[in-house]
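# Fold and geometry: a report
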Amino acid sequence: MNVLVTSAGRRVKIIEYLKKTLNPMGGIVIAADCDTRAPALYFADRFEIVPRIGDVAYIPSLLQICSKYNVKGIISLIDPELEILAKNRAVFENRRIKLILSSLEMVQTSFDKQETFRYLNKLSIPAVPTVDNYEQAVSLIESKEFKFPLIVKPKKGSASLNISIVESIGELKNAFYHSANMVVQPFYKDKEYGIDVYVDMINGHLVDMFIKEKIAMRAGETDKSISVHNRQIEKLIKELVAKTNFSGPIDIDCFEKDGEYYISDINPRFGGGYPHAFEMGCNFMEYIVTNLNEEGNPAYTGFNYESGCIMMKFDNIKILKNIE
């Protein structure tokens, strides 16, 4: 069984974990990226250079790679590509290539932070309050429903880019002056959690979850975290999966405020903090292989990892001869 990882970038660990699962079975991992200097390319069994995701030749290039290596499944690691792949799902499935990805509806809803809030609110799932215009934000401030500091971030963004904390009406107005496509949220700063979730692609039930309290962040990814067993968050995630139709790996951000828990972001892909989950025994790669074999995974029965274990990322380097 061969799997293609697109937009591989810096996600070296995802490549290594897939290889650890697939290689003993005779399968290989192929990494693809538009940048010849993407580190993850050089940790895969094979790699291919492709056009940028917005190029008309992008999907045809992926199909050629899938044909060349007899690829059975595709995993994407960046938000902007998810919708492109989801819109072309039939093109791949007609060639018996499975996207390890949620439905187009879930991908589009998740990528828009305002729509995420509206969707969760409609399902009565606690979510961080979110508004997408300056006037409404001011009205909520005046009614004391919102209090400074507030978080302002792109309505459709990823990797924590262009996020700012504002302390006054003037700063808020300035943030919207520079870009209208922003959302405003209260700054829930008690605690922040990341939850790695796997939803079975065959049966749609919850298979596994890993909850970590975030200790330090860098470039939008979890740099340090500690594993926790939190029954309230566990219940919240069970409810979310039961009421939605996500599929495969999901990365969820959750904030604690006054003892209550609120979902902030849902990313229908592997998150940057997933290595903590894998190293603690939550092997989503095995779940993927089972689903690619058209078999279902057992349903979730409870935490299967130890709490109180800290993950600390550290930098490493790889030197290559000139490859151009």
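Now for a quick tour of the structure. (Residues numbered from 1 in each chain as written. Predicted model: local features only at pLDDT ≥ 70, side-chain atom pairs only at ≥ 80, totals over all residues. Heavy atoms only, no water.)

### A look at a nonpolar patch on the surface
- A cluster of nonpolar side chains, namely Ile215, Ile310 and Met312, defines an oily patch on the protein surface of about 320 Å² accessible area.
- Turning to its location among the elements, Ile310 is positioned in strand β14 (residues 310–312). (Patch = residues over 30% accessible without salt bridge, like charges linked within 9 Å, V, L, I, M, F, W, Y side chains within 5 Å. Areas by Shrake-Rupley, 256 points an atom, 1.4 Å probe, with all protein chains shown as cover. Salt bridge = Lys/Arg side-chain N within 4 Å of Asp/Glu carboxyl O. Helix = DSSP H or I, 4+ residues; strand = E, 2+ residues; numbered from the N terminus.)

### Quick notes on the pattern of salt bridges
- Under the criterion given, the structure shown has 14 salt bridges.
- Between Glu83 and Lys87 there is a salt bridge, with its nearest N and O atoms 3.1 Å apart. Linking Glu83 with Lys87, this pair stays in helix α3 (residues 79–87), spanning four residues, or about one helical turn.
- Owing to a relative accessible area of 53%, Lys87 belongs among the exposed residues under this scheme.
- The shortest N-O distance in the salt bridge between Asp132 and Lys155 comes to 3.4 Å. Note that Asp132 is positioned in the loop between α6 (113–122) and α7 (134–142) and Lys155 in the loop between β6 (150–154) and β7 (164–166), a separation of 23 residues in sequence.
- Given the relative accessible area of 18%, Asp132 is considered buried.
- Judged by relative accessible area, which is 22%, Lys155 ranks as partly exposed.
- One network of salt bridges, in which partners are shared, links Asp112, Glu115, Arg118, Asp132 and Lys155. (Buried < 20%, exposed > 50% of the residue type's maximum accessible area, 1.4 Å probe, protein only.)

### Some words on the side chain of Thr244
- Relative to the assigned elements, Thr244 resides in the loop between α9 (231–243) and β12 (248–257).
- Relative accessible area serves as the criterion here: at 13%, Thr244 is assigned to the buried category.
- One polar contact links the side chain of Thr244 to the main-chain carbonyl oxygen of Leu240, over a distance of 2.7 Å.
- Not counting chain neighbours up to four residues away, the residues in contact with Thr244 comprise Met106, Tyr119 and Leu123. (Polar contact = N/O pair within 3.5 Å; in protein donor to acceptor, adjacent residues only side chain to side chain. Contact = heavy atoms within 4.5 Å.)

### Considering empty space enclosed by the protein
- Per the stated rule, a full pass over the model turns up two cavities of 30 Å³ or more.
- Approximately 90 Å³ is the volume attributed to the largest cavity.
- Lining the largest cavity are eleven residues, with Asp79, Ser110, Phe111, Ile266 and Asn267 positioned closest to its centre.
- The set of elements that each furnish at least two residues to the lining of the largest cavity consists of α3, α5 (104–111) and β13 (260–267).
- Grouping the constituent residues of the lining of the largest cavity by class yields five nonpolar, three polar and three charged.
- When its volume is computed, the second largest cavity comes out at roughly 40 Å³.
- Lining of the second largest cavity is provided by Ile75, Ser76, Leu82, Ile100, Leu101, Pro249, Pro268, Arg269 and Phe270.
- Of the residues assigned to the lining of the second largest cavity, the class counts are seven nonpolar, one polar and one charged. (1 Å grid on protein atoms, 1.4 Å probe; cavity = no way out; pocket = protein on both sides within 12 Å on 5 of 7 lines; lining within 4 Å. Points joined across faces, edges and corners; volume = space filled by probe spheres on them. Nonpolar A, V, L, I, M, F, W, Y, C, P; charged D, E, K, R; others polar.)

### Details of the nonpolar core
- Grouped together as the largest cluster of nonpolar side chains are 65 residues, with contacts concentrated most on Ile195 and Val197.
- Core analysis: the second largest hydrophobic core is formed by 22 residues, Leu62, Tyr69, Ile74 and Leu101 among them. (Core = buried A, V, L, I, M, F, W, Y, C linked by side-chain atoms within 4.5 Å.)

### With respect to α7
- Residues Ala137, Val138, Leu140 and Ile141 constitute the buried set of α7. Buried residues of α7, viewed axially, fall in a sector of 160°; they line one side. Opposite its buried face, α7 presents the exposed residues Glu135 and Glu142, each directed more than 90 degrees away.
- Close packing links the buried residues of α7 with β6, α8 (169–178) and β8 (182–186).
- Positive phi shows up at Lys144, right after α7, with a value of about 65°. (Arc of directions from axis to C-beta.)

### Focus on unusual backbone geometry
- The omega torsion across Phe148 and Pro149 is 5°, close enough to zero to call that bond cis.
- Relative to the elements of secondary structure, Pro149 occurs in the loop between α7 and β6.
- If you check the backbone angles, Ser124 has positive phi at about 60° while not being a glycine.
- Topologically, Ser124 is positioned in the loop between α6 and α7.
- With a relative accessible area of 56%, Ser124 lands in the exposed category.

### Describing the packing of aromatic side chains
- Scanning the model with the defined rule gives 15 aromatic pairs in all.
- Their ring planes at 35° and their centres at 6.3 Å tell us that Phe270 and Phe284 sit as a pair that is tilted. Placement of Phe270 in the loop between β13 and α10 (274–279) and of Phe284 in helix α11 (residues 284–292) is noted, with a sequence separation of 14 residues between them. Side by side, Phe270 and Phe284 carry an identical accessibility label, which is buried.
- Members of the aromatic cluster, connected to one another through ring pairs, are Tyr17, Tyr198, Phe270, Tyr274, Phe278, Phe284 and Tyr287. (Phe/Tyr/Trp six-rings, centres within 6.5 Å; stacked < 30°, edge-to-face > 60°.)

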